[in-house]
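So you can see what is in the structure, the chains are spelled out below.
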Amino acid sequence: MNGIKRAILHFFPWIGYFKRNGRRGYIITEKSLKTSASDNGNYPDFCFLASVNSEVFDSFRKNEIYNVVLEHLTESIGNEYLEIILSRDTFDEITWELFKQNDLYGSPLCFNYTKIGIISPTTLRYIKVLQDLIIKFGSLEDMDICEIGIGYGGQCRIIASYFNVKSYTLVDLSQVIALAKTYLNKYVLSSEIRFLTMNELNPKQKYDLVISNYAFSELRLDIQECYQHKVIDNSSKGYITYNRSTHSSHSENVYTLEDYIKKIPNLMIEDEMPVTDEKNKILFWS
C-alpha cells in the first residue's frame, strides 16, 4: 500500500480500498452514513475525498457514489438539451469550445454530438441554464450571484466563463465546497468566487441573482427557511429548478409550490424543458 492509500485510510478509516476485475478505487462504507448531515452520507464524504486526493479527483465524475447525485444524465437527455440550446442560436463556435473546457477534469462521460462535438450531458444542462438566465434576465455582467447547492462548481464555471460577474457565492456542505474549490482552482476566473456554508452566510448580504437547480427544493423545511431569510429575500432575481425528491425521508416536509408563491413576490412558474420529471418546474422572479 503506497503512502497516499495509507494516508487516506488513516484519516478516513471508514473508507475501504478495493481492487477487483483490474479496477482500483475507494468505496465508502456504511459507517460514514452515521456521521453525515445529509440524507446520503456517502456523497459529501466522497466529495471531500476527491478534493484531497488527485487519483480520486481525476475520475470523480464517473464514480458510482457521485453518480447517485450528479453526472447521471444520459446521452439522449443531453441531446434534448442541445436541441433547445441550438434552436435559440445564442452561442458561437468559439464560445462552445470555451464551454467544453468544463469537461477537462473529473473524467465525465462524454458523447459526440452533431454540430458541436464531444461534451458531457451535464455540461449541456449547465449551458441551457445559462441560456435561460440570459433570456429571462438579460446580461449577468457585473452581478452578485449566489448559488445554493453547487455540485462541483460546473454551473459557476460556465457562467463565469461567459460573463464577468462581480461575485459568485457558492453555498453547500463543507465537503462539497472542498471539491468545488479543487475543481474551480483549475481555471482562471476573473470574478470573485466565495465559498460558504449555510451558517457562514451574511444575512445582510444583497444579491442580484440566486440560482438553485435540483437542490433548494430538496432541502428540509427548516433549512429552506434559513436560505429564504439569508439569500432569497435578499435577491432581486431568482431561478430555481424545482423538484420533489423521492429519495429523502423529509420529502413531504418541504416548500410546496403554493409556499413559493406566497413567499416570493412576482414568482413565475414554467414547466421544465426538457422534462426530466413530470413534476419538475422552473421557478423564476425579477
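Residues numbered from 1 in each chain as written. Predicted model: local features only at pLDDT ≥ 70, side-chain atom pairs only at ≥ 80, totals over all residues. Heavy atoms only, no water.

Helix and strand counts for the protein come out as 11 helices and 11 strands. The proportion of buried residues among the 286 residues of the protein is 53%. Across the protein, contacts joining residues at least 24 apart in sequence account for 66% of those joining residues at least 6 apart. Surface accessibility of the protein: about 13900 Å² in total, with carbon and sulfur atoms responsible for 50%. (Helix = DSSP H or I, 4+ residues; strand = E, 2+ residues; numbered from the N terminus. Buried < 20%, exposed > 50% of the residue type's maximum accessible area, 1.4 Å probe, protein only. Contact = heavy atoms within 4.5 Å. Areas by Shrake-Rupley, 256 points an atom, 1.4 Å probe, with all protein chains shown as cover.)

A separate point is helix α6 (residues 93–100). For α6, the set of buried residues is T95, W96, F99 and K100. The arc enclosing the buried residues of α6, seen along the axis, measures out at 140 degrees, which places them on a common side. Packed against the buried residues of α6 are α5 (75–88), β4 (117–119), α7 (121–137) and α8 (154–162). Two or three places before I94, at the opening of α6, D92 has a side-chain oxygen 3.3 Å from that residue's backbone nitrogen. (Arc of directions from axis to C-beta. Polar contact = N/O pair within 3.5 Å; in protein donor to acceptor, adjacent residues only side chain to side chain.)

Okay, unusual backbone geometry next. Cis geometry marks the peptide bond from M273 to P274; its omega dihedral reads -5 degrees. Its identity is not glycine, yet E71 carries a phi of approximately 60 degrees, on the positive side. Structurally, the position occupied by E71 is in the loop between α4 (64–67) and α5. Here E71 falls in the buried class, since its relative accessible area comes to 12%. Its identity as a non-glycine residue notwithstanding, Y214 has a phi of 55 degrees, on the positive side.

This part covers the confidence of the model for the protein. On average, residues of the protein carry a pLDDT of 88, and 83% of them reach 70 or more. Predicted confidence is poor over residues 6–39, with pLDDT under 50, and the contacts of this stretch with residues over four places away or in other chains come to 59 contacts. pLDDT under 50 marks residues 246–250. Its contacts with residues more than four places away, or in other chains, come to six contacts. (pLDDT = per-residue confidence, 0-100.)

Counting 55 residues, the largest nonpolar core has Y66, W96, L124, L133, L140, I145 and I159 as the members making the most contacts within it. It is α7 that provides the largest number of residues to this core, a total of seven residues. The residues touching L124, leaving out its near neighbours within four places in the chain, are G78, Y81, L82, I85, W96, Y113, I116 and I119. (Core = buried A, V, L, I, M, F, W, Y, C linked by side-chain atoms within 4.5 Å.)

Moving on, we come to the packing of aromatic side chains. On inspection of all chains with the given rule, the structure shows 20 aromatic pairs. With 6.1 Å between their ring centres and 45 degrees between their planes, F99 and Y162 make a pair best called tilted. Of this pair, F99 sits in helix α6 while Y162 sits in helix α8, and the two are 63 residues apart along the sequence. Consider the rings of Y105 and Y187, whose centres lie 5.5 Å apart with planes at 85 degrees: the pair is edge-to-face. Placement of Y105 in the loop between α6 and β3 (111–113) and of Y187 in the loop between α9 (174–184) and β7 (192–196) is noted, with a sequence separation of 82 residues between them. An aromatic cluster is present here, built from Y43, F46, F57, F60, Y66, Y105, Y126, Y152, Y183 and Y187 joined pairwise through their rings. Between the NZ or CZ atom of K136 and the centre of the ring of F284, over which it lies, the distance is 4.0 Å. (Phe/Tyr/Trp six-rings, centres within 6.5 Å; stacked < 30°, edge-to-face > 60°. Lys NZ or Arg CZ within 6 Å of the ring centre and 35° of its normal.)

Put simply, α5 and α7 touch, their axes get as near as 9 Å, and they point 30 degrees apart. Here α7 runs roughly parallel to α5, going by the angle between their axes. As α5 runs across α7, the sense of the crossing is left-handed. Along the contact surface, α5 presents E75, G78, Y81, L82, I84, I85 and R88, while α7 presents P121, L124, R125, I127, K128, Q131, D132 and I135. Split into classes, the residues belonging to the contact of α5 with α7 amount to eight nonpolar, two polar and five charged. (Axes fitted to C-alpha atoms, helices over the stretch in contact; angles between N-to-C directions. Parallel < 35°, antiparallel > 145°, perpendicular 65-115°, else oblique. Left-handed = near helix turned anticlockwise from the far one by under 90°. Nonpolar A, V, L, I, M, F, W, Y, C, P; charged D, E, K, R; others polar.)

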